[in-house]
Amino acid sequence: MVVALGYEHLRRHDLRHTGLTWMADAGGKVHVPRQIAGHRSLATTQRYLHPSSDSILQAGEALNSHLTARRPGADPAGPQVVPKAGTRGHLRVVR
(Lines give C-alpha, C1' and ligand atoms only; values in the text may rest on other atoms or scores of the structure.)
Protein backbone atom coordinates (compact mmCIF):
# COMPACT_ATOMS: atom_id res chain seq x y z
CA MET A 1 0.00 0.00 0.00
CA VAL A 2 2.78 2.45 0.93
CA VAL A 3 4.60 1.69 -2.35
CA ALA A 4 1.39 2.18 -4.33
CA LEU A 5 1.07 5.66 -2.81
CA GLY A 6 4.61 6.55 -3.88
CA TYR A 7 6.18 6.41 -0.43
CA GLU A 8 8.36 3.35 -0.84
CA HIS A 9 11.04 4.92 1.37
CA LEU A 10 8.60 5.33 4.28
CA ARG A 11 9.08 3.01 7.25
CA ARG A 12 6.68 2.29 10.08
CA HIS A 13 9.14 3.84 12.51
CA ASP A 14 8.99 7.11 10.54
CA LEU A 15 5.29 7.26 11.34
CA ARG A 16 6.12 7.13 15.06
CA HIS A 17 8.30 10.21 14.64
CA THR A 18 5.56 12.00 12.69
CA GLY A 19 2.78 11.05 15.09
CA LEU A 20 4.72 12.04 18.21
CA THR A 21 5.79 15.33 16.59
CA TRP A 22 2.20 16.15 15.64
CA MET A 23 1.04 15.41 19.19
CA ALA A 24 3.67 17.75 20.62
CA ASP A 25 2.91 20.43 18.01
CA ALA A 26 -0.77 20.24 18.94
CA GLY A 27 0.20 21.81 22.24
CA GLY A 28 -0.17 18.86 24.56
CA LYS A 29 2.15 18.09 27.41
CA VAL A 30 5.23 16.17 26.29
CA HIS A 31 4.71 13.45 28.91
CA VAL A 32 1.59 12.27 27.03
CA PRO A 33 3.40 11.26 23.80
CA ARG A 34 6.14 9.79 26.02
CA GLN A 35 3.62 7.51 27.64
CA ILE A 36 1.90 6.66 24.34
CA ALA A 37 5.26 5.72 22.80
CA GLY A 38 6.13 3.63 25.83
CA HIS A 39 9.35 5.49 26.54
CA ARG A 40 10.72 5.44 30.08
CA SER A 41 12.77 8.56 29.53
CA LEU A 42 11.56 11.93 28.32
CA ALA A 43 14.94 12.31 26.59
CA THR A 44 14.05 9.37 24.34
CA THR A 45 10.76 10.99 23.34
CA GLN A 46 12.50 14.28 22.65
CA ARG A 47 14.68 12.55 20.04
CA TYR A 48 11.46 11.69 18.19
CA LEU A 49 10.21 15.28 18.04
CA HIS A 50 10.99 17.32 14.93
CA PRO A 51 9.13 20.63 15.17
CA SER A 52 8.55 22.49 11.92
CA SER A 53 9.89 25.97 11.30
CA ASP A 54 6.31 27.25 11.64
CA SER A 55 5.97 25.62 15.06
CA ILE A 56 9.22 27.21 16.20
CA LEU A 57 8.14 30.63 14.91
CA GLN A 58 4.73 30.30 16.58
CA ALA A 59 6.41 29.45 19.88
CA GLY A 60 8.61 32.51 19.51
CA GLU A 61 5.61 34.71 18.72
CA ALA A 62 3.73 33.36 21.74
CA LEU A 63 6.71 34.06 23.97
CA ASN A 64 7.09 37.51 22.42
CA SER A 65 3.43 38.26 23.17
CA HIS A 66 3.89 37.10 26.73
CA LEU A 67 7.02 39.19 27.23
CA THR A 68 5.50 42.31 25.69
CA ALA A 69 2.24 42.19 27.64
CA ARG A 70 1.72 45.56 29.27
CA ARG A 71 3.06 45.46 32.78
CA PRO A 72 3.51 48.38 35.16
CA GLY A 73 6.77 50.13 34.26
CA ALA A 74 7.43 47.91 31.24
CA ASP A 75 8.86 49.35 28.04
CA PRO A 76 5.84 49.75 25.69
CA ALA A 77 7.91 48.44 22.78
CA GLY A 78 9.11 45.51 24.88
CA PRO A 79 11.64 42.89 23.82
CA GLN A 80 11.23 40.92 20.63
CA VAL A 81 11.96 37.19 20.43
CA VAL A 82 13.29 35.90 17.11
CA PRO A 83 14.89 32.65 15.92
CA LYS A 84 18.63 32.66 16.51
CA ALA A 85 20.54 32.69 13.22
CA GLY A 86 22.28 29.45 12.30
CA THR A 87 20.59 27.32 14.97
CA ARG A 88 17.64 25.03 14.97
CA GLY A 89 15.01 25.81 17.55
CA HIS A 90 16.89 28.41 19.58
CA LEU A 91 15.43 31.83 20.26
CA ARG A 92 17.04 35.07 21.27
CA VAL A 93 15.66 38.28 22.71
CA VAL A 94 16.46 41.44 20.79
CA ARG A 95 15.66 44.98 21.88
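Sequence order sets the numbering: in each chain, residues are counted from 1 along the sequence as written. In keeping with the model being predicted, local features are shown solely for residues with a pLDDT of at least 70 and side-chain atom pairs are shown and tallied solely at 80 or more, while totals for entire chains, interfaces and linings include all residues. The side-chain numbers reported here are obtained from all heavy atoms of the structure, hydrogens and water having been left aside.

A. Inspection of the overall build of the chain at higher detail. Numbering goes from the N terminus for both helices and strands, where a helix is a DSSP run of H or I of at least four residues and a strand is a run of E of at least two. Helix and strand counts for the chain come out as 4 helices and 2 strands. When its helices and strands are written in sequence order, the chain yields α-α-α-α-β-β. Exposure is judged per residue with a 1.4 Å probe applied to protein chains only, and the accessible area is read against the type maximum: over 50% gives exposed, under 20% gives buried, and values in between give partly exposed. In the chain, which comprises 95 residues, the share counted as buried stands at 19%. Counted over contacts in the chain with a minimum sequence separation of 6, partners at least 24 positions apart contribute 31%. What sets the accessible areas is the Shrake-Rupley method with a 1.4 Å probe; for residues, cover comes only from the shown protein chains. For the chain, the accessible surface area stands at approximately 7,500 Å², while carbon and sulfur atoms represent 56% of it. In what follows, a contact means two residues having at least one pair of non-hydrogen atoms within 4.5 Å.

B. A look at helix H4 (residues 53-67). To estimate how far a helix should extend, the number of its residues minus one is multiplied by 1.5 Å. Its 15 residues place the ends of H4 21 Å apart at the C-alpha level, agreeing with the 21 Å of an ideal helix rising 1.5 Å per residue. Listed in full, the buried residues belonging to H4 are Ser55, Ile56, Gly60 and Asn64.

C. A look at the side chain of Thr21. Mapping Thr21 onto the fold places it in helix H1 (residues 12-25). For Thr21, a relative accessible area of 8% corresponds to the buried category. When near neighbours in sequence (up to four residues on either side) are disregarded, Thr21 contacts Tyr48, Leu49, His50 and Pro51.

D. Region of the structure containing the environment of Arg47. In this structure, Arg47 sits in helix H3 (residues 42-48). Residues Arg47 and His17, 30 residues apart in the sequence, show an inter-C-alpha distance of 8.7 Å.

E. A nonpolar patch on the surface, seen in detail. Nonpolar side chains (Val, Leu, Ile, Met, Phe, Trp, Tyr) within 5 Å and like charges within 9 Å form the patches, drawn only from residues with over 30% relative accessible area and no salt bridge. Salt bridge, as applied in this entry: a Lys or Arg side-chain nitrogen positioned within 4 Å of an Asp or Glu carboxyl oxygen. There is a patch of nonpolar side chains on the surface, built from Leu5, Tyr7, Leu10 and Leu15 and spanning about 400 Å² of accessible area. Here Leu15 shows up in helix H1.

F. Just the pattern of salt bridges, in detail. According to the stated counting rule, one finds 1 salt bridge in the structure shown. The partner of Arg11 in a salt bridge is Asp14, with the nearest N and O atoms 2.7 Å apart. Here Arg11 falls in the exposed class, since its relative accessible area comes to 52%.

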